[in-house]
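Secondary and tertiary structure notes
Listed below are the residues making up each chain.
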Amino acid sequence: ESQLSDVSVDPIITSIDIDIDIPLQEVTDNSSLEGQAKENAVRGYASGISIPEEMNQSLMRILEQHNRRAMLVIRDYQVIAVLPSGSQLIGFALDIGTTKIAAFLVDLRSGRTLASGGVINPQIAYGEDVINRIKYADENPEGDERLHTVLINVINELLGELCGQLGIDVEQIVDGVIVGNTVMHHILLRLPVHCLGSAPYTTTYLREMLVPAADIGIHITPRAMIYLPPNVAGFIGGDHIAALVSINPLKTDDTALIIDIGTN
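Presented here is a report on the structure given in the accompanying data block.

Rules behind the numbers
Residues numbered from 1 in each chain as written. Predicted model: local features only at pLDDT ≥ 70, side-chain atom pairs only at ≥ 80, totals over all residues. Heavy atoms only, no water. Axes fitted to C-alpha atoms, helices over the stretch in contact; angles between N-to-C directions. Helix = DSSP H or I, 4+ residues; strand = E, 2+ residues; numbered from the N terminus. Parallel < 35°, antiparallel > 145°, perpendicular 65-115°, else oblique. Contact = heavy atoms within 4.5 Å. Nonpolar A, V, L, I, M, F, W, Y, C, P; charged D, E, K, R; others polar. Phe/Tyr/Trp six-rings, centres within 6.5 Å; stacked < 30°, edge-to-face > 60°. Pairing = 2+ DSSP bridges. Buried < 20%, exposed > 50% of the residue type's maximum accessible area, 1.4 Å probe, protein only. Arc of directions from axis to C-beta. Core = buried A, V, L, I, M, F, W, Y, C linked by side-chain atoms within 4.5 Å. Salt bridge = Lys/Arg side-chain N within 4 Å of Asp/Glu carboxyl O.

A short note on the packing of helix α3 (residues 130-139) against helix α4 (residues 143-166)
Where α3 contacts α4, the two axes come as close as 6 Å, and the packing angle between them is 125°. With respect to their mutual orientation, α3 and α4 come out oblique. Between α3 and α4, the residues in contact are Arg133, Tyr136 and Ala137 and Gly143, Asp144, Arg146 and Leu147, respectively. Considering only residue class, the contact of α3 with α4 consists of 3 nonpolar, 1 polar and 3 charged.

Following this line, the structure appears as structure tokens:
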């Protein structure tokens, strides 16, 4: 029987609604648009909030289409997206396995899972396990980039399919978390994997990471960030950290056993 952990929802992503109270033709530049947004939506919230100039066109379009109302999506006092008022705030969770990739779309306000799906990891064509994929990256010119590209392509396809189920655009996804074993983590981020294929099997990077989705080629809202939990060791990745977090061992005296029977 599948059970979901009981977690309190406290997303880093927030939103504020704006309602422009002057005719849009009187909004002449980015500063006046920002001023209107601050004046009628941000009192007492974030005096330092700013709207990137590249969002002006989409903001004006939404204001025109929705009776001068819009929703600003905020992360750390920065506007990362503009959506119609009342839109859901959607994040994704992704588990990159050596053989399979699983994805979930989540309502960031309620924590409810809205859609889920999985696909075969296309890297399997270059090696059935992580050792053979490391070998492929080592022995083939731009092999590591090819492993990265096929992975990113299938992630984008999967997220697009899940958004299609909900009838939304992928740009409505405003946040993401990705886990996987250490080799999958390194390939995703274009980090060297050679060191993972020979003793003492050291990692390039162990600490948690926060990276712009656009930097690694994931097509969601352009300013969204992706969180990756820390790796543990050479072949123990952030997926194990996520499993530990899910059972919340600090809140129970029960003994728990986690078994991951995977490809490797």
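Details of the packing of aromatic side chains
Each aromatic ring pair is specified by the distance between its two centres and by the angle formed by the two planes. Evaluated as defined, the whole model comprises 2 aromatic pairs. A ring pair is formed by tyrosine 126 and tyrosine 136, whose centres lie 4.8 Å apart and whose planes are at 50°; its orientation type is tilted. Placement of tyrosine 126 in the loop between β6 (113-120) and α3 and of tyrosine 136 in helix α3 is noted, with a sequence separation of 10 residues between them. Seen from their ring centres, tyrosine 201 and phenylalanine 235 are 6.1 Å apart, and the 55° between their planes marks the pair as tilted.

Brief notes about the sheet that holds β6
Across the sheet, 6 strands lie side by side as β6-β5-β4-β7-β9-β8; this open sheet has mixed pairing. At either margin of the open sheet sits one strand with a lone partner, and together these are β6 and β8 (209-212). Within the sheet, the average angular offset between the axes of one strand and its neighbour, ignoring direction, is 20°. Looking at chain direction, strand β4 (residues 90-96) and strand β5 (residues 100-107) are connected through 7 bridges and run antiparallel.

Here we look at helix α2 (residues 56-65)
Taken together, the buried positions of α2 are Asn56, Leu59, Met60, Ile62 and Leu63. Angular distribution of buried residues about the axis of α2 spans 165°; they occupy a single face of the element. Facing away from the buried side of α2 by more than 90 degrees, the exposed set consists of Gln57, Glu64 and Gln65. Just downstream of α2 lies asparagine 67, where phi reads positive at about 55°.

Section: the pairing of β6
Pairing of β5 with β6 involves 7 bridges; the strand directions are antiparallel. Within β6, the position partnered with isoleucine 101 by the bridge is valine 119. The turn joining β5 and β6, which pair antiparallel and follow one another in sequence, is formed by 5 residues; a positive phi near 85° is taken by glycine 111.

Structural notes on the nonpolar core
If you look at the biggest cluster of nonpolar residues, it comprises 42 residues, and the most contacted ones within it are Phe92, Leu188 and Ile218. Among the elements that take part in this core, α4 stands out by supplying 9 residues, more than any other. When near neighbours in sequence (up to four residues on either side) are disregarded, phenylalanine 92 contacts Phe104, Leu105, Leu159, Ile173, Asp175, Gly176, Val177, Ile178, Ile218, Ile220 and Ile226. By size, the runner-up hydrophobic cluster in this structure holds 15 residues, among which are Ile49, Ile51, Met55 and Leu59.

Side note on the pattern of salt bridges
All chains considered together, the criterion is met by 3 salt bridges. We note a salt bridge from aspartate 175 to arginine 75, for which the minimum N-O separation is 3.0 Å. Of this pair, aspartate 175 sits in strand β7 (residues 173-180) while arginine 75 is found in strand β2 (residues 69-75), placing the two residues 100 residues apart along the sequence. Overall, aspartate 175 belongs to the buried group, its relative accessible area being 14%. With a closest N to O distance of 3.1 Å, arginine 190 and glutamate 145 form a salt bridge. Here arginine 190, found in the loop between α5 (182-188) and β8, pairs with glutamate 145, found in helix α4; they are 45 residues apart in sequence, far enough to count as distant.

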